[in-house]
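Each chain, letter by letter, is given below.
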Amino acid sequence: MEFLCYHRDRPGSGALRDELVEAHWSYMDGFAAEMIARGPTLADDLDTATGSVHVLDLPDPAAARRFAFEEPNYQAGVYRDVLLRRWRNLLGRTMWEFPGGRTGGSRYLVLGLGAGEPVDAAPPADRDELIAYGPLLSDDGAHWLGTAVLLRARDPDSARAVLTPDRYDAIEVHSWQFGGRPE
């Protein structure tokens, strides 16, 4: 089962996040085989972290909750909240398989949040800029709760345009970058 976990930073927690960077990476090393995508969301300065995205393939919702809530930054209070949803990998690849590579261009996390009839159930025909794409689902996978996309785009408005406007309760766009240990 695939899950999207988005930890949102608590305002003013940057120094604590910096102190825990090795503990965070070490924790994530334990999930390397399960990882589909990962990386921080960023403030407008593209330097200050505002959150942390992890997309993983885990056995069940209980394992996903353990992953989210045992994470060192969460345990220490870096994060103010967690969005944890089942997710379906409609591209069938990891971020490391994205043809556009790790660098170049602006990257975004787009979250379309809603309920009811599914929207954007299939990726757009032009997939060249999509890094990850799929629906957000209830724990049992039976109910659509939104769509999550990682992509490369010109700007936030172009990133937002990947989802159908006016069909979601809310659409969030966050600057994002590929994560992991520096090479």
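Residues numbered from 1 in each chain as written. Predicted model: local features only at pLDDT ≥ 70, side-chain atom pairs only at ≥ 80, totals over all residues. Heavy atoms only, no water.

### Topic: the packing of aromatic side chains
Next, step 1: Under the criterion given, the structure shown has six aromatic pairs.
Next, step 2: Arranged with centres 5.0 Å apart and planes meeting at 70 degrees, the rings of Phe69 and Tyr74 form a pair that is edge-to-face.
Next, step 3: Given a relative accessible area of 29%, Tyr74 falls into the partly exposed group.
Next, step 4: For the ring pair Trp176 and Phe178, a centre distance of 5.3 Å and an interplane angle of 50 degrees mean the geometry is tilted. (Phe/Tyr/Trp six-rings, centres within 6.5 Å; stacked < 30°, edge-to-face > 60°. Buried < 20%, exposed > 50% of the residue type's maximum accessible area, 1.4 Å probe, protein only.)

### With respect to the pattern of salt bridges
Side chains that carry opposite charge are capable of pairing whenever their charged atoms lie near each other.
Next, step 1: Counted according to the given criterion, the structure contains eight salt bridges.
Next, step 2: Here Glu172 and Arg8 are joined by a salt bridge, their closest N and O atoms 3.0 Å apart. Here Glu172 is found in strand 8 (residues 170-176), whereas its partner Arg8 is found in strand 1 (residues 2-9), with 164 residues between them in sequence. Neither Glu172 nor Arg8 differs from the other in exposure class; each is buried.
Next, step 3: Notably, a salt bridge pairs Glu129 with Arg152, separated by 2.5 Å at the nearest N-O pair. With a gap of 23 residues between them, Glu129 in the loop between strand 5 (106-113) and strand 6 (130-137) and Arg152 in strand 7 (residues 144-153) connect regions that are remote in the sequence.
Next, step 4: A residue is classified by how much of its surface remains accessible, and Glu129, at 31% relative accessible area, is partly exposed.
Next, step 5: When salt bridges with common partners are traced through the structure, they connect Arg8, Arg80, Asp81 and Glu172 into a single cluster. (Salt bridge = Lys/Arg side-chain N within 4 Å of Asp/Glu carboxyl O. Helix = DSSP H or I, 4+ residues; strand = E, 2+ residues; numbered from the N terminus.)

### Some words on the sheet that holds strand 5
Next, step 1: The strand order 1-3-2-8-5-7-6-4 describes a closed barrel built from eight strands, whose pairing is antiparallel. With direction set aside, neighbouring strand axes in the sheet form an average angle of 30 degrees.
Next, step 2: Most of the contacts of helix 2 (residues 21-29) go to strand 2 (residues 35-42), to which it runs at about 160 degrees, and overall it touches strand 2, strand 3 (49-57) and strand 4 (79-87). (Pairing = 2+ DSSP bridges. Axes fitted to C-alpha atoms, helices over the stretch in contact; angles between N-to-C directions. Contact = heavy atoms within 4.5 Å.)

### Description of helix 3 (residues 61-70)
Next, step 1: Among the residues making up helix 3, those that are buried are Pro61, Ala63, Ala64, Phe67 and Ala68. Looking down the long axis of helix 3, one finds its buried residues gathered within 160 degrees of arc, a one-sided arrangement.
Next, step 2: The inward-facing, buried residues of helix 3 abut strand 1, helix 2, strand 3, helix 4 (72-76) and strand 4.
Next, step 3: For helix 3, the capping residue at the N-terminal end is Asp60, with a side-chain oxygen 3.1 Å from the backbone nitrogen of Ala62. (Arc of directions from axis to C-beta. Polar contact = N/O pair within 3.5 Å; in protein donor to acceptor, adjacent residues only side chain to side chain.)

Take it as geometry only, folks, not as evidence of what the structure does.
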